[in-house]
Amino acid sequence: MKENSKLSKYASIFEDVQASDIMSPKVVALTADKKIAHAKEMMKLKKISGIPVIDEGKKLVGIISIEDIINALELNRINEPIRNIMSQKVVAIGLSETLSEIVDKFENFKFGRFPVVDEENRIRGIISKEDILHGIIEKFNLIYIHDKKRTATLNTESSIIT
């Protein structure tokens, strides 16, 4: 694809950016025994469209989305436990996955968010497209600051030499 070839020339700038660098560490998560109505209220209050479902050890066991809530409302299942309707096949991101791998997941799965898990599948954060954008902006800001310092240093050194 033409657009991907344009993006690939910038890939090296971001090759060191990992999920742990750009994720939001504060995750709203619920256990599978909570009521679907509870998840609905949490989504409404927090203005989010999905909630990871965890066990007592904070291991990821599922995810409940706004679409799941709508289906539960339509089928009059809103007072059932989350486990009855949650998606159990969750696509997650590992802490050390690169920005390129993360973007690929967003492109391939078309989800609004991905939970971030450690090696033991414990939830550690969440990544949205907004988090990716903030990560890119932060990286460009660091590059800009570095270039400004380098330019200032070179200008100082050249004035001393001449």
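Further up the page is the structure itself.
From a predicted model like this one, the values you see are computed outputs, not experimental measurements.

A.B. asks: Account for the sheet that holds strand 1 (residues 30-31), naming residues and giving values.
C.D. replies: With mixed pairing, three strands are arranged side by side in an open sheet as 1-2-3. One side of each edge strand has no neighbouring strand; the edge strands of this open sheet are strand 1 and strand 3 (60-65). Across two bridges, the pairing between strand 1 and strand 2 (residues 50-54) is parallel. Residue pairing across strands places L30 opposite V53, the latter belonging to strand 2.

A.B. asks: Would you mind going over the sheet that holds strand 4 (residues 93-94) in detail, with residue names and values included?
C.D. replies: Adjacent strands of a sheet pair through backbone hydrogen bonds, lying either parallel or antiparallel. In spatial order, the strands read 4-5-6; together these three strands make up an open sheet with mixed pairing. On the outer flanks of this sheet lie strand 4 and strand 6 (123-128), each paired with one strand and no other. Bridge analysis of strand 5 (residues 113-117) against strand 6 gives five bridges, and the strand direction is antiparallel. Residue pairing across strands places F114 opposite I127, the latter belonging to strand 6. Its contacts with the sheet put helix 5 (residues 99-109) on strand 4, strand 5 and strand 6, and the angle it makes with strand 5 is roughly 135°.

A.B. asks: Could you give an account of the pairing of strand 5, naming the residues involved and the relevant values?
C.D. replies: The side chains of a regular strand alternate between both faces of the sheet. Counting buried positions along strand 5 yields five of five residues, so the element is predominantly enclosed. Alternating positions in strand 5 separate into two faces, R113, P115 and V117 on one and F114 and V116 on the other, with burial throughout. Pairing between strand 4 and strand 5: two bridges, direction parallel. Counterpart to G94 in the pairing with strand 5 is V117. Hairpin geometry of strand 5 and strand 6 is characterised by an intervening segment of five residues between the two adjacent antiparallel strands and by a positive phi of about 70° at N121.

A.B. asks: Could you give an account of unusual backbone geometry, with specific residues and numbers?
C.D. replies: The backbone phi angle of K58 is positive, close to 65°, even though this residue is not glycine. Here K58 lies in the loop between strand 2 and strand 3. Of note in this structure, N121 is not a glycine but carries a positive phi near 70°. Residue placement: N121 occurs in the loop between strand 5 and strand 6. Assessed through its relative accessible area of 31%, N121 is described here as partly exposed.

A.B. asks: Kindly report on helix 4 (residues 66-74), identifying the contributing residues and their values.
C.D. replies: For helix 4, the full list of buried residues reads D68, I69 and A72. Projected down its long axis, helix 4 carries its buried residues within an arc of 100°, all on one side. Facing away from the buried side of helix 4 by over 90 degrees, the exposed positions are E67 and E74. Taken together, the buried residues of helix 4 touch helix 3 (36-46) and strand 3. Just downstream of helix 4 lies N76, where phi reads positive at about 55°.

About the criteria used
- Residues numbered from 1 in each chain as written.
- Predicted model: local features only at pLDDT ≥ 70, side-chain atom pairs only at ≥ 80, totals over all residues.
- Heavy atoms only, no water.
- Pairing = 2+ DSSP bridges.
- Helix = DSSP H or I, 4+ residues; strand = E, 2+ residues; numbered from the N terminus.
- Contact = heavy atoms within 4.5 Å.
- Axes fitted to C-alpha atoms, helices over the stretch in contact; angles between N-to-C directions.
- Buried < 20%, exposed > 50% of the residue type's maximum accessible area, 1.4 Å probe, protein only.
- Arc of directions from axis to C-beta.

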